[in-house]
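Read off the chains here:
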Amino acid sequence: MIITRRSDYAMRICRALQDGKIHNVREICETEDIPKAFAYKILREMEQNDLVRSERGNMGGYCLVVSLEDITIHDLISITEENLSIVHCMNEECVRNTNEEPCSMHAEMARVQSVLEKELKSKSIAEIINSL
């Protein structure tokens, strides 16, 4: 699992929208130092996953439709990243890890993957933002 800028920007977008009001993309980008091209793509993905809603028109923009109490870093990474596996063989059937001959490295990576996912799910975005 590689956490890219896309995931970082998704977290920043949540922070920019935390007040529940409608914010335009320019404002989000300026507040959170996000390139517009990234912001539009990420907001579209967040909208497709029912986290934000877009409002058209002069006073339009984006607003959260889900409480930040109900969103975790894992949720955002699941939306913004193609692959949640920390190593390639976790994503597909690994020819080195069979039922007949289990691979000890694969087993350890699966354990680490499990711990990482548990931690990414352990706190809501609201808890993280309000922890300062």
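Before any of the text, the structure's been laid out above.
Within every chain, residues take consecutive numbers counted from 1 along the sequence as written. Where local features are concerned, this predicted model is filtered to residues with pLDDT of at least 70; where side-chain atom pairs are given and counted, the filter is 80 or more; whole-chain, interface and lining totals use all residues. Side-chain calculation: all heavy atoms of the structure are included, whereas hydrogens and water are not.

Enquirer: Please give an account of unusual backbone geometry that cites residues and values.
Expert: One non-glycine residue, Asp-33, lies in positive phi territory at about 55 degrees. Its location among the elements puts Asp-33 in the loop between helix H2 (25-32) and helix H3 (36-48). Accessibility here uses a 1.4 Å probe with only protein chains present; expressed as a share of the type maximum, an area under 20% marks a residue as buried, one over 50% as exposed, and anything in between as partly exposed. Judged by its relative accessible area of 62%, Asp-33 is exposed. Phi is positive for Asp-50, which is not a glycine, with a value near 60 degrees. Under the DSSP-based scheme used, a helix requires at least four consecutive residues in state H or I and a strand at least two consecutive residues in state E, with every element numbered from the N terminus. Within the secondary structure, Asp-50 is located in the loop between H3 and strand E1 (52-55). Among the residues examined, Asp-50 registers a relative accessible area of 56% and is labelled exposed.

Enquirer: Break down the pattern of salt bridges for me, citing the residues and quoting the values.
Expert: A pair is scored as a salt bridge if a Lys or Arg side-chain nitrogen falls within 4 Å of a carboxyl oxygen belonging to Asp or Glu. The tally for this structure, following the rule as stated, stands at six salt bridges. A salt bridge links Glu-55 to Arg-53; its shortest N-O distance comes to 2.5 Å. What makes Glu-55 partly exposed here is its relative accessible area of 31%. Put simply, Arg-111 and Glu-108 hold a salt bridge, and the shortest N to O gap is 2.7 Å. Highlighted residues: Arg-111 and Glu-108, both in helix H5 (residues 104-121), separated by three residues, approximately one helical turn.

Nothing here speaks to function; it is all geometry.
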